[in-house]
Each structure stands twice: as structure tokens, then as C-alpha cells.
Amino acid sequence: MNVSQLPNSLYKEDGLYAEIIIPLYLPKNYTWSVPQHLHEAIAVGKRAEVSLRNKKYTGIVKKIFTEKPAAFEPKPVLNILDNEPLLHKEQLQLWHWISDYYLCTEGEVMQAAVPSNLKLSSETILLWNEEWDEDFGSLNDEEFLVTEALHIKKELRLAEVQQILDATHAYPVIKRLIEKNVCYVWEELKEKYKEKYETFIVLNPVYHDEEKLQYLLNNWSRAPKQMELLLAYLHLMKTEGEVTQQELLKKSNASPAQLKGLIDKNILFAHKRSMDRLPSLPKDVVIDFTLSAAQQQALKEVIHAFTEKQVCLLHGVTSSGKTQLYVRLIEQYIRQGKQVLYMLPEIALTAQIIRRLQKYFGGHITIYHSKFNANERVEIWNKINSGETKVILGARSALFLPFRNLGLIIIDEEQDPSYKQQDPAPRYQARDAAVYYASLFGAKVLLGSATPSIESYHNCELGKYALVKLTERFNNAALPAIELVDTKHVISKPGEKIILTPQLKYAIENAVKKNKQVILFQNRRGYSPYLICNACGWIPHCRNCDVTLTYHKAKNKLVCHYCGTDYPVMYTCAACGSHQFNQRNFGTEKIEETLAAALPDVRVARMDYDSIKGKHDHDSLIKLFEQRRIDVLVGTQMVVKGLDFEHVNLVGILDADGILNFADFRVNERAFQLMEQVSGRAGRRDAEGEVLIQVANTNHPVLQLVKEHNYEELYKMEIANRRQFFYPPFARLIQITFKHKLSNIAEEAANLMAVALRASFDQYLSGPAEPVVNRIRNMFLWEILIKLPREAAVINNCKQQIVQQTIIIQSNPQYRSVMITADVDPV
DNA sequence: AGCACGCCGACT
DNA sequence: GTCGGCGTGCTC
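Predicted model only: the values in this text are computed from it and were never measured. (Residues numbered from 1 in each chain as written. Chains lettered and ligands numbered in written order. Predicted model: local features only at pLDDT ≥ 70, side-chain atom pairs only at ≥ 80, totals over all residues. Heavy atoms only, no water.)

(A) Broad picture of the sheet that holds strand β5 (residues 79-80). A sheet is described by the order of its strands in space; here five strands give the open sequence β2-β1-β4-β3-β5, paired in antiparallel fashion. For this open sheet the edge positions go to β2 (30-34) and β5, each flanked by a neighbour on one side alone. Two strands pair when backbone bridges link them, and strand β3 (residues 47-52) and β5 are joined in this way by two bridges, in the antiparallel orientation. Across the sheet, the residue bridging to E49 is N79, located in β5. Relative to the sheet, helix α2 (residues 106-113) contacts β1 (16-21) and β4 (55-65), its axis offset from that of β4 by approximately 115 degrees. (Pairing = 2+ DSSP bridges. Helix = DSSP H or I, 4+ residues; strand = E, 2+ residues; numbered from the N terminus. Contact = heavy atoms within 4.5 Å. Axes fitted to C-alpha atoms, helices over the stretch in contact; angles between N-to-C directions.)

(B) Fine view of the packing of aromatic side chains. Following the criterion strictly, the structure yields 11 aromatic pairs and no others. Here the aromatic rings of F625 and F645 are separated by 4.7 Å at their centres, their planes lie at 85 degrees, and the arrangement is edge-to-face. In this pair, F625 is assigned in helix α18 (residues 615-626) and F645 in the loop between β26 (632-635) and β27 (648-653), connecting sequence segments 20 residues apart. What makes F645 buried here is its relative accessible area of 2%. Ring pairs connect the aromatic residues Y457, F672, Y711 and Y715, which therefore count as one cluster. The cationic tip of R377 hangs over the ring face of Y368; the distance from NZ or CZ to the ring centre is 5.9 Å. (Phe/Tyr/Trp six-rings, centres within 6.5 Å; stacked < 30°, edge-to-face > 60°. Buried < 20%, exposed > 50% of the residue type's maximum accessible area, 1.4 Å probe, protein only. Lys NZ or Arg CZ within 6 Å of the ring centre and 35° of its normal.)

(C) Local environment of the packing of helix α7 (residues 224-240) against helix α9 (residues 256-264). The N-to-C vectors of α7 and α9 enclose an angle of 85 degrees; their axes lie 9 Å apart at closest approach. Considering the angle they form, α7 stands roughly perpendicular to α9. Every residue of α9 that contacts α7 at K225, Q226, L229 and L230 is listed here: Q258, L259, G261 and L262. (Parallel < 35°, antiparallel > 145°, perpendicular 65-115°, else oblique.)

(D) Up close: the confidence of the model for chain A. When pLDDT is averaged along chain A, the result is 79; 80% of the residues meet or exceed 70. Confidence over residues 8-12 falls short of pLDDT 50; this stretch has four contacts with residues more than four positions distant or in other chains. Low pLDDT, under 50, characterises residues 759-769; the stretch is placed with 11 contacts to residues that sit more than four places away or in other chains. (pLDDT = per-residue confidence, 0-100.)

(E) Just the pattern of salt bridges, in detail. Summed over all chains, the structure comprises 20 salt bridges. A salt bridge links R328 to E331; its shortest N-O distance comes to 2.9 Å. With a gap of three residues between them, R328 and E331 both fall in helix α11 (residues 322-335), about one helical turn apart. Each member of the pair, R328 as well as E331, carries the same accessibility label: buried. (Salt bridge = Lys/Arg side-chain N within 4 Å of Asp/Glu carboxyl O.)

(F) Region of interest: the nonpolar core. One finds W95, I98 and I693 to be the most contacted residues of the largest nonpolar core, which totals 131 residues. A per-element tally of this core places helix α14 (residues 430-441) first, with eight residues. Ranked by size, the runner-up nonpolar core spans 20 residues in total, among them Y207, L213, V243 and L268. (Core = buried A, V, L, I, M, F, W, Y, C linked by side-chain atoms within 4.5 Å.)

(G) Examining the sheet that holds β27 more closely. Read across the sheet, six strands follow the order β18-β28-β27-β19-β26-β25 without closing on themselves; strand pairing throughout is parallel. Looking at which strands have only one partner, the edges of the open sheet turn out to be β18 (481-486) and β25 (604-607). Strand-to-strand, the axes of this sheet are offset by a mean angle of 20 degrees, without reference to chain direction. Pairing of strand β19 (residues 517-521) with β27 involves five bridges; the strand directions are parallel. Paired with F521 across the two strands is I653, which belongs to β27. This element, helix α17 (residues 588-598), spans β19, β25 and β26 of the sheet and lies at about 180 degrees to β25. The sheet strands contacting helix α21 (residues 701-708) are β18 and β28 (690-695), and the helix crosses β18 at an angle near 150 degrees.

What follows is the structure, given as C-alpha cells:
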């Protein structure tokens, strides 16, 4: 241990104690004592092996101190697992900030932050007790099965026992076996990360001598296959330089036995070498473009803004070439030897952008997102920790990597909701956490967006962030012309929406004729968003989530888009017994079908959550579209994120009413952002971009703003709305805790929420708070109704009673809690 | 997380 | 009467 970490007077070999974060939901961090022999090794940020309730865990040392805790007797730290700290003080500070700000434990942050292969937890192993009297008769069936297996193997892992006993009740059986002295248990920590080895084949150096090699070949007797293999090897070596065993066998069609023959004869050697899983590219910076005058100017402004402010918002219209600006900025930081974190929403991390950046930064850049497997993550982690990697391109979880001298964080598409982690704790907003994180390094943050979030824009208005605008499209392409197509007067069946207006149909035909491509956007997957009973108007809902079920034609199922459960198609109305259902509205699946019927010569493909099973499907679909083997791409939000297609000049928004009527409390912002993003896909390389918006409510104010790309006006409108009806732009997190089950408490909870919020409103609002509070009450009521049933299902529908009703702003992990997040203002 | 302990309904 | 599910408390 580094003595300087201790207060001066306490170098003495007194007791040493460590506060250690373990990846569990514990009310606070626990303390372990550090035995003498680990005094040297222990340091803040290293992993420690500790035992808690007789299970072993890997934790991170957070603090080292000498005062003995009075309240309990600490157990000893069992081991220190690292030679060098895995984390630095900045990461630990970040964890602490997140746990405090977003109301969770540091253990939960650790769970999200550290790759699973670095968090070992113990494995229970049963060991055969040689001294057992082998009285098999005393065992019941289950005990006998386990004992039998153990008798043969002498050692069983918990997972194996669970396999024998079908999982659920392995523990009681094991317990009885221990009591009966059949076995005893052992807890073992396993390092899960494994280095990757590759076997290389090398020629015995003796034969580097041309003559000797010739002699060998000329005097070859028997084993003609081996000779063939050797020749194949020599050829490969000449062309590739290095030859791996795998490659050699594949290319020569030889068998491992033949290779072994050559190795046994000492002609070839095989040796194993530890390999990098990540492809290594040359560490060059090759930037082969020049910025336009407008980009140049914006870059200058950003750099200047960073001399005064920590955060800068770059508001650039779609296709203004924000990425190129980032690239230039990143270049500057790399040249200063600083690290850069470039964050993108997960969905935008496509092969397209990755390829582009790798072209510029080669081996300096590393990608990090959830699709990487655990071993790869460890390698990325180490490369950042050692400072070898300068640039990380990653999704929100990349924030937790152990940067050492971070200089810049770029958050592209900063308004994207996927920066918020919703489901498992920590529920954090990565964009805001990044602002805090950067401040720990004195690093700068660049937020980029064509449609900034209201929060960030507001921070600019307040003077907290700097604002730089980029209003010109790259290559001087004009923004696409936006045209509304009124669907009110297009004849269709009553209650049904028109999918393809004649105007849009004509425009598609026209675009395809000109060899251009088309993107059609519909914010609904599936075939029909809901079925409705013809007789009584009953609509099938999900049992768990209480949301309407979407009909999927391909699967012939009703699917809940909230929890994913599917139900058989209903033929009988649960309310009135009628057998007639109408399909209301349309989703991507139906559009695809309609198009195929209306325009049989046009090649149509669909891109949504259903048509893309693996990451691979996504990439290959994009490739097909890029290669122009598809004319029309129908899709959900997926088609808008981070893709740059050169030949699209028509974009259709099929049901703008659906977007404008979002049952969402931020209607205008979301609707504007979505339409702006979608329409930005048109005409990125030429001046002929065209956007058709099919809409019945043509007077909606947001449509006008979309046509004008008038973000400023939208912002004003939105802020005014929030002040009047909703909530202050930046409410703090609110958490309600219930000490028992949740069910008929939604109303109650919403009331409580309203009470708590009323107080916070006084700061922001001058007028009467009542309308605001009512609106919020309803909003939270909705949230709770939607979200609680899932929670309640987990906790198994118990009694309808709140034992404790408190709204706490501080965390109290003792209790089960429901948390509702509002957007949070970064400190 | 996981495991022990205590409380109430089903039942060999 | 007990067996066992479920809910609650506790772990350095």
C-alpha cells in the first residue's frame, strides 16, 4: 500500500480497515479488516476478495483507514486481486455521485460499471466426504441422486446439482447432505477472464538455410501428405508472414494428425501465444477531408467556448457534418495526449459510423457497447486503463471505463432518450453524468444534436452551457422541402386511416423511376396497433401492463409492446361475446404489405425490432439498402438513427397524427424531434430532397415549426407549456417508498407525489400551482398504473396496504421503492 | 443478491 | 397438528 494514503500519524502497524464496494444491493458499504500480509498489496481501486455471509465476492476498495469500527467485528479481507488499481479516484467519485444523485447503492453502480468477468463471485462446490459411512438407505430420492453423482465425481459444482434436481430447491437438499455428513462445501472464486491463445506454426530455424531445406525436400521419403502440408506451409509463410495452426489446416485441407507428424519430426514447431481479441490497427491519424467554411467557423467557436465554459451544445441542422467537426476536435485532443469519449445512442452505433472513425483514427479508437462479450470488455477496459487507447466510441455504459486523462466527452444525439437507463438500477442519465464526470478531469463536454433536448437548450439560455450553431448543410445542400398531405378528405372506411395517399404513391413511383431511394416512417411496428370489438368497442389489453395489444400478422399473435408477452388472436370479445373485430390503425408490417400490393415492381424492405433479430440482420439490411438493392425502406425509429444514405431523396411520414397525439407529457418536443430527424434523411447529397407528411390535423402548430425547422420557436413554446401545465424543466428525482406490496395504491401514490411536488413548484412558478399539480398527479398516476403491475407481479400480488407512506428525496434502500424520474439538472 | 426466520393457509 | 409459501430482515 502507498503510505501516503494514510494519515501521517498512523503508519504504525495498527489494525487496518477497508471500506469495500461489493456488487450487491446493500444499505451501505461494509468494512473489512486488512490482515497484516495484505497491508502492502491493498490500495484504493483494487479488487479485493471478501466473504459476506460465507459467500465470497469481489469488491472494490473504496477507502482505507485505521479506526476500528465500534459497532461490529469486521471480517478479514481474503485477498487482493490486482497488482494495479482497476479504477482511479475519478471513477470512484463518479460512482458515489451517481449513487447519491440517482438514489441507488454504489454496489449497483459497480454492477453496471465493471465488466462481469472482473466481478467474480463465489461458486459453491460440494466435496465428497471420504469419512461418510455410505449409508445410502438413509437418503431420500433427491439426496440419493446427488450423492450418487458425488460419489463418482468426488466434486460437484452448484450448477451441476441444480441440473440434477431441476434447479429450484437445490439448497435444502445440499443442506441436508451436509448435515448427514455426505459432503462438505467449499466456496471458490474463479477468475473468469481468459486470455485468448492462438497456436502459431513456425519452421524449425535450421531450415531457414535454403540448402538444408532443399535437402530435406529432395530426400523426402513416405508421408506424401505431410510433404504437401509442408509445402502449403512454406507458401503461406511467404505470403502471410505468420501462420496460425487454424489457418494452415483450413487452407491446406490437411488433418491435425499430418501436422502432428511434421511437428514430431521437428520440422515444424507449434507454439501458443496470447492474443488480442480486438483487431489491432495502425496508430495513425489520417484525416482526408477539409472542413467547409461554416464547419471551420463552428469549430473555432466551440474551441473558444471551451475556454469559458465546460459544456458546449452544438446545434447543427441534419447533414451539417457534425461528425466531421467532432473528428477534427478529437484529433486535437489526441495530439495533446488526452483521451476522448465519444458517446452515441446504442442504436446509432452502426458499422457505418464505426468504419468511418476507424478510417480516421485507426488503432487509437476502440468501440465499446453492450454487444461485446465479457472477455472483450475486459480487454477494452485494460486498454483504457493503461492509456493505450485514446478514443472510445461507445454507448452510455462506456462512461464507466477507467479513463486516466480524459480531455473531452462528445455526446452525439444528446436528446436521445436511450442515454437514460430505465430498468435496472442505477437509473441514470448518461449525458448528465458525463457532465459531472468530465468536471472531475477538468475535461470539456460537447453535446451535439440537430434537435437538442429542451433541458440542454435551457442550460444554454441560462448561460450554463455555451451554444454553437451550424445552420448550413454540408455541400451546401438545401434542406428538403416539406409538404403536408391532408388525409382528411381522402376517402377511406370510417375510423380507418389511410396508409398510402395518391400523392405519396405518385412520389414513390417517381423517385424509384429516377433511381432514387425512399424511406417511409411509421412509429408503430406490427400490423395493427389494436383490435376493437365491432359491437361494444372493447379493446384487448395486456394482462400485465394494461396497454393495448398490437396485432402481428406474420406471427399471427397479439403482442404487448411493453412487456413483449404474446397472446393468441382473439375471435371472441371478452366483454360482449361478439365475434367481429375491426383492426384500427396500421403498423410497419401492414405498410409493407400495402406497398407490395400497390407497387408490385418496387423492392420494399422493412426495418423494425421484429425484422431484425440479431445485430447482424441490421447491418446486412443497411448494406442492402446502401447497395441500392432495396428501393423503399419502411421502418420505425430505427431508420432515423445514425444512418447516412446518399441516395434517399424522398421521405414519407405516414401517420403524423399518431406522432402529434403521443400520450406523452412532452408532446411537442418529441413530435418535433422525430419529424425533424426523419425528414433530415432526405436529400443529404443533393438539393432534391422531399418530405411528405400525411396528416389529418394539418393545423397543428408543431407542423408549421417542422416545415420551417424552427427550433427556437419550438423551444419557447415548450418552455411556456411546461411552465403552464407541466413541471419545472428540471425537477429533482422523486422516489416513493412503500414498505409492503403495491397494488391499489396508485391513486394514493399519485396524490402523495403531487403533494411533494407542490413544494418544489413554488420555486419555479408564480401563478397558482393547482392545474400543474393536477396534471402531474395524472401523469404519475399513469406512470404508476403502467409500471406497477409488472413490479407487483414480481412481488406476487399481496395485500393492498401501504404500511409506510413517505416521499423521500434521500435514498432509503431498506424499503422497496418505486422511482419516477424526471429530467435532472446536472450540478 | 441470497439466506434465515417468522407468519398464515392447505392437508399427508 | 405440521408443511411450505411468502414477506421481512440482515449481512461488515
